[in-house]
Amino acid sequence: MEDAFDTRAFAFNRDDERAQRVAGLALMLMNASSPVPTQYVRDALYPDRSAEAFDLAFLRDRRTLGELGVQVEQVEGGLGLDGGWRIDPVSMVETSGLTDEEALVVDLMCQPLCSDPTFPFGSDLMLALAKVNNSFEDVLPDLPGISLAELPAAVGGLRRAFLGRVACDVEYRDAQGRESRRRVAVLGTFGLRGNLYFVTCPFGQEGLDRGCVRSLRADRVVSSHPVPGTPYEIPGDFCVDDYVRLPFQMGPATTSGRFLVPDELAAEVADDVAAAGRVFDERGRRVLEAQVADVRVAAIWAVSEGVVPLSPPELVDAFREVLEGVLGDVR
């Protein structure tokens, strides 16, 4: 009879071998009392790799550990003249410094983001909460409605490119079904009406082209692939709020809308529109002026926000229809 523990039953595939290697790298660095020289790492974990293959594999493995919250850094000194590698002490802190009550508050306040489809860092937050609670056995308490949000598979490349600060090749399908391919740098993300958006700008031979910043909706990304060796830095004056649009502005603008804003809502509306429009005084009244891509959505937004469209006529008419529908439902 064949041995139940036949070694063939435990043959490792490439993924198994890599997982074993990453775990070995983590244990090696965690147990080292001083930085581990590059040559020692190569001899112990990558003995059959050429110099170039080792560099690539070691880089991938360090990034994998980084995604798990274990940051590997290169330092001077150690056992070799060229210095070596160690685990960033910050990522190995055993306690968050919070009391049990404070950790619970942080946990309860942050958990909803893990299941928010407009928040692209749910898995990272989940690991952070595990650190706060000093437990990886039960990362998320069993609370109703709390589960890790799943991002579209095609979005993964954009997310990895953003975290790694490298350009990304994207295939995108717009609202009209037109497909395009582009190389972009991701500058930030935001959520709007249950959708996740990536703020991007073209990436060319000269670097970032900030003259053509565009927001890509996550569920319209067909494919995305990070491009190694294309690093970039997010400009110091970049603010994602400058690119967050109002619900009725997603898509090409078809008209310009004007809304009457009650005095008691002026400050709140001004904050909400940010760079998506402007609130100003006109003959003793507050007026919001903003570009409109979808007139009906703008009318629905006006009803919900308590503002009244002034122009154009098609927006005023749509507002009346929406308002009549609301009043009819109430009756």
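So, a few notes on the structure that sits alongside this text. (Residues numbered from 1 in each chain as written. Predicted model: local features only at pLDDT ≥ 70, side-chain atom pairs only at ≥ 80, totals over all residues. Heavy atoms only, no water.)

### Digging into the state of the cysteines
- With the rule as written, the count across this model stands at zero disulfides.
- Sulfur of Cys212: no disulfide; nearest cysteine sulfur belongs to Cys201 and is 8.9 Å away. (Disulfide = S-S within 2.5 Å.)

### Considerations on the pattern of salt bridges
- Taken as a whole and judged by the stated rule, the model has twelve salt bridges.
- Between Arg258 and Glu289 there is a salt bridge; the shortest N-O distance is 3.9 Å. Residue Arg258 is found in strand E9 (residues 255-261), and its partner Glu289 is found in strand E11 (residues 285-292); the two are separated by 31 residues along the sequence.
- The salt bridge involving Asp317 is made with Arg320; its shortest N-O contact spans 4.0 Å. Separated by three residues within a single helix, Asp317 and Arg320 lie in helix H9 (residues 313-330), roughly one turn from each other.
- On the accessibility criterion, Arg320 (51% relative accessible area) is exposed.
- What you see here is one network of salt bridges that share partners, running through Arg258, Arg278, Glu282, Arg285 and Glu289. (Salt bridge = Lys/Arg side-chain N within 4 Å of Asp/Glu carboxyl O. Helix = DSSP H or I, 4+ residues; strand = E, 2+ residues; numbered from the N terminus. Buried < 20%, exposed > 50% of the residue type's maximum accessible area, 1.4 Å probe, protein only.)

### Side note on the environment of Phe198
- Relative to the helices and strands, Phe198 resides in strand E5 (residues 195-204).
- Among the residues examined, Phe198 registers a relative accessible area of 1% and is labelled buried.
- A sequence separation of 36 residues divides Phe198 from Phe162, and the C-alpha atoms of the two residues are 9.3 Å apart.
- The residues contacting Phe198, other than those within four sequence positions of it, are Val155, Leu158, Arg159, Val186, Gly188, Thr189, Arg214, Ser215, Leu216 and Ala218. (Contact = heavy atoms within 4.5 Å.)

### Concerning unusual backbone geometry
- A cis amide bond, omega 0°, links Ser311 with the succeeding residue Pro312.
- The topology assignment puts Pro312 in the loop between strand E12 (308-311) and H9.
- Phi is positive for Arg165, which is not a glycine, with a value near 55°.
- Of note, Arg283 is a non-glycine position whose phi angle comes to about 50°, a positive value.

Bear in mind that shape data such as this cannot, by itself, settle questions of function.
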